[in-house]
Amino acid sequence: MQKYWTVFRVNWQNALQYRGPTAISILGNLLHILVLLYLWNAIYQSEQSLGDYSLSDLITYYILQLLINSMVLSYISWQIGTEIREGSFSNFLIKPVNYLHYWFTINLSGKLFEGLMISVVGLIMAGVLADYITLPDNLTTALHFAFAMILGAILAFEFDFAIGILAFWLVQIDSFKYMLQYGMFFLAGALLPLDLFPMLFQQIAHALPFRFMVYFPIRIFLGKETQPYEGFMIAGLWIVGLYFILQFGLKRGITRYEAAGK
Amino acid sequence: MSAIEVRNLNKTFKTQKKEAGLKGSLKGLFWRETLYKEAVKSVSFSLEEGELVGFLGPNGAGKTTLLKMLSGILYPTSGEAQVLGFTPWQRHRDYQRQFAIVMGQKNQLWWDLPPAESFLLNRDIYGVDHRTFQYTLDEMVELLDLKNLLNIPVRQLSLGQRMKCELVASLLHQPRVLFLDEPTIGLDVISQEKIRSFVKSYNRLKKTTVLLTSHYMQDVEQLCERVLVINHGGIVYDGPLTSLSNRYIDHKIIKIRFAEPQSATAPSNLKGIVEWDKHHALLKIQKKEVAQITHKLLGDFPIEDLSVEEVEVEEVIRRIFEERPDTENF
């Protein structure tokens with residue numbers, strides 16, 4: 001355990017070195033969210049509500065989306081891909097360390113760091129837009145939301161890791177990566193609440209696990225998911241299942257890596 | 001028991017031709033053209049504990065491939081190897097804690113952090129206890145003169161400083177076997193010297209078994225008594241560096257400085273002339289004829305200085321590499 005704690009700490013140090021770029025990327029997200037808010041505000045001039053979302057629901061949805069983008073969604077696949085492609089992955093093959101656990105720790109440390117930074121922005125925004133925000137009315141909802149965020153973050157990591165280790169089989173994963181990542185985030189509800197889509201799309205999105213990354217936690221926060229236990233269970237099963245699949249995939253990938261001689 | 005035992009090790013690379021772009025990657029999922037390259041061919045050797053042995057060979061000879069197999073980074077096509085009683089490619093945790101590989105062209109230090117952070121990380125990855133760690137670190141910092149660099153971000157260090165730190169990072173867990181792959185590549189003469197003397201004293205001090213590859217002759221000449229010469233994937237020589245020239249070179253070099261100017265053209269009755277001018281001459285003479293020709297030279301010419309020299313090791317190596325026909329079937 002000690003070694004992963006040190007990995008966590010060292011990556012935290014590293015993140016500190018990058019606080020400038022992190023702040024800029026947060027500002028970029030913020031800008032994106034502000035444009036969307038402006039757009040929705042315009043739409044709500046003529047509509048009372050869309051689906052079961054009031055204007056303040058949607059504003060809350062996007063502010064939370066800002067938080068989730070920093071704390072839940074994972075963006076480590078490009079680093080993993082580069083390590084595998086350029087051969088620095090060898091450093092891990094010779095050391096007593098598990099690559100999956102190693103990257104889980106790095107990601108966790110990075111997400112918490114970013115979360116700390118985004119919280120400041122989020123609180124300021126929430127203050128400015130206080131009148132438009134739907135807050136949970138009880139502690140249970142807040143706890144449910146926090147738990148859903150944790151599950152979502154683990155799932156997001158697992159999927160991103162899976163994209164990363166595709167590099168064992170494909171020399172250039174970048175082209176795939178953007179396609180997969182974009183599709184994944186879309187199905188997660190990062191762009192729009194999933195229940196605003198046509199029925200067929202909703203059913204597909206519901207059958208897939210990506211919704212647990214964005215849509216599900218925000219629904220809980222908005223008080224629209226008061227009995228989230230079934231969701232927790234399904235997400236939990238996905239997490240465990242994916243864990244074994246990833247360990248297996250990693251093993252297979254290493255066999256390929258060994259053969260290729262990078 | 002020997003520290004490293006390699007028997008009949010082979011590695012054939014199967015590489016696949018791939019086309020660029022998304023279309024290429026998709027196509028690559030279903031169909032690929034396969035190419036084969038024998039990087040290591042029936043290699044056998046063994047190293048005793050505490051030996052410092054040099055691996056010599058040109059680029060692409062298979063040195064790195066061999067080291068990678070012995071580190072468990074690569075899986076061999078066939079053959080066996082035992083390092084400290086472990087089969088390297090099984091990557092047993094107990095093996096990983098006892099060896100290290102330093103690759104001059106790859107780094108493990110965190111680029112944006114001071115080396116001290118990477119050292120701490122390795123300490124805990126290898127589970128070195130804090131006191132041993134501090135002691136080992138202090139010792140190496142002293143030997144390599146790194147005192148003031150530990151808290152400077154790696155990206156601000158020079159290549160030589162970085163290489164020294166890479167060495168330290170790899171040795172913190174006090175490996176019993178150390179593989180060094182081109183540790184002095186790209187370094188200036190002073191840094192090269194520093195690394196060399198460090199490796200030498202480290203090997204003496206800790207009785208660490210060291211297998212070193214380099215294509216800088218000086219590395220091998222100064223560090224290793226025994227060399228393995230590898231070319232086109234196979235070992236062509238295994239033995240002391242000193243007898244390498246006896247085996248491959250059948251001539252010596254005679255250097256002459258004349259006491260008074262001679263004719264600018266070389267006399268036609270002398271064989272083996274490589275260089276000739278009014279004041280100097282250089283001859284390449286078969287070993288068994290050296291005495292006789294030296295005698296003749298001393299009689300025929302006014303000679304101020306004459307020396308008989310062994311061919312330089314570098315020249316010997318070049319000979320070995322040129323001798324073998326190119327058999328690459330890539």
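Chemist: Even after reading the chapter, I still don't get the overall build of chain B, so can you show me in this structure?
Modeler: Scanning chain B from N- to C-terminus turns up eleven helices and 13 strands. With the principal axes as the frame, chain B shows a C-alpha extent of 75 × 55 × 45 Å. In chain B, which comprises 330 residues, the proportion classed as buried is 35%. Sequence separation of 24 or more characterises 72% of the internal contacts of chain B that already satisfy a separation of 6 or more.

Chemist: I tried to follow the packing of helix α6 (residues 159-171) of chain B against helix α7 (residues 189-206) of chain B on my own but got confused; where do I start?
Modeler: The description of two helices packed together rests on the angle between their axes and the distance between the axes. Residues and elements named next belong to chain B. Taken N-terminus to C-terminus, the directions of α6 and α7 make an angle of 15 degrees; their axes are 10 Å apart at the nearest point. Considering their axes alone, α6 and α7 lie roughly parallel with respect to each other. For the pair α6 and α7, the sense of crossing is right-handed. Here Gly160, Met163, Lys164 and Leu167 of α6 lie close against α7, whose contacting residues are Ser191, Ile195 and Phe198.

Chemist: Is there a simple way to explain the interface of chain B and chain A in this structure?
Modeler: Many analyses report the size of an interface as the accessible area lost when the parts associate. Chain B puts 29 residues into the contact, and the matching count from chain A is 25 residues. Looking at the side of chain B that touches chain A, the elements with two or more residues in it are β1 (4-17), α1 (21-30), α2 (63-71), α3 (93-96) and α4 (115-125) of chain B. Residue contributions to the side of chain B that touches chain A peak at five residues, all from α4 of chain B. Of the residues contributing to the side of chain B that touches chain A, the split by class is twelve nonpolar, seven polar and ten charged.

Chemist: Explanation requested: the environment of Ser78 of chain B in the structure shown.
Modeler: All names here are of chain B. The topology assignment puts Ser78 in strand β4 (residues 78-83). What makes Ser78 exposed here is the crowd of 10 C-beta atoms within 10 Å. Residues Ser78 and Ile4, 74 residues apart in the sequence, show an inter-C-alpha distance of 17 Å.

Chemist: Looking at this structure, how should I read the domain arrangement of chain B?
Modeler: For chain B, the assigned domains are domain 1 (4-246) and domain 2 (250-309). Between domain 1 of chain B and domain 2 of chain B, the C-alpha centre-to-centre distance is 45 Å.

Chemist: Is there a simple way to explain the sheet that holds strand β11 (residues 273-276) of chain B in this structure?
Modeler: The strands that make up a sheet are held in pairs by hydrogen bonds between backbone atoms, and each pair lies either parallel or antiparallel. All names here are of chain B. In space, the four strands of this open sheet follow the order β11-β12-β10-β13, with antiparallel pairing throughout. On the outer flanks of this sheet lie β11 and β13 (303-309), each paired with one strand and no other. Taking the axes of each pair of neighbouring strands and ignoring which way they run, one obtains an average angle of 15 degrees across the sheet. Pairing of β11 with strand β12 (residues 280-286) involves three bridges; the strand directions are antiparallel. Within β12, the residue paired with Glu275 across the bridge is Leu282. Contacts between helix α10 (residues 290-300) and the sheet are confined to β10 (251-258), β12 and β13, with β13 contributing the most and set at about 170 degrees to the helix.

Chemist: Could you clarify how one ought to interpret the sheet that holds strand β2 (residues 33-47) of chain B in this entry?
Modeler: All names here are of chain B. If you trace the three strands from one edge of the open sheet to the other, you get β2-β1-β4, paired in antiparallel fashion. Two strands lie at the open edges of the sheet, namely β2 and β4, each paired on one side alone. Taken pair by pair, the neighbouring strands of this sheet meet at an average axis angle of 30 degrees, ignoring direction.

Chemist: Looking at this structure, how should I read the packing of helix α3 (residues 55-71) of chain A against helix α6 (residues 99-128) of chain A?
Modeler: All names here are of chain A. Contact geometry of α3 with α6 gives a least axis separation of 8 Å together with a crossing angle of 165 degrees. On the basis of their axis angle, the class for α3 and α6 is roughly antiparallel. Crossing of α3 against α6: the hand is right-handed. Where α3 abuts α6, its residues Ile63, Leu66, Leu67, Ser70 and Met71 lie against Lys111, Glu114, Gly115, Ile118, Gly122, Met125 and Ala126. Here the residues of the contact of α3 with α6 sort into seven nonpolar, three polar and two charged.

Reading the values: rules and limits
- Residues numbered from 1 in each chain as written.
- Chains lettered and ligands numbered in written order.
- Predicted model: local features only at pLDDT ≥ 70, side-chain atom pairs only at ≥ 80, totals over all residues.
- Helix = DSSP H or I, 4+ residues; strand = E, 2+ residues; numbered from the N terminus.
- Buried ≥ 20, exposed ≤ 12 C-beta atoms within 10 Å, placed from the backbone.
- Contact = placed C-beta atoms within 7 Å.
- Axes fitted to C-alpha atoms, helices over the stretch in contact; angles between N-to-C directions.
- Parallel < 35°, antiparallel > 145°, perpendicular 65-115°, else oblique.
- Left-handed = near helix turned anticlockwise from the far one by under 90°.
- Nonpolar A, V, L, I, M, F, W, Y, C, P; charged D, E, K, R; others polar.
- Domains from an automatic or database assignment.
- Pairing = 2+ DSSP bridges.

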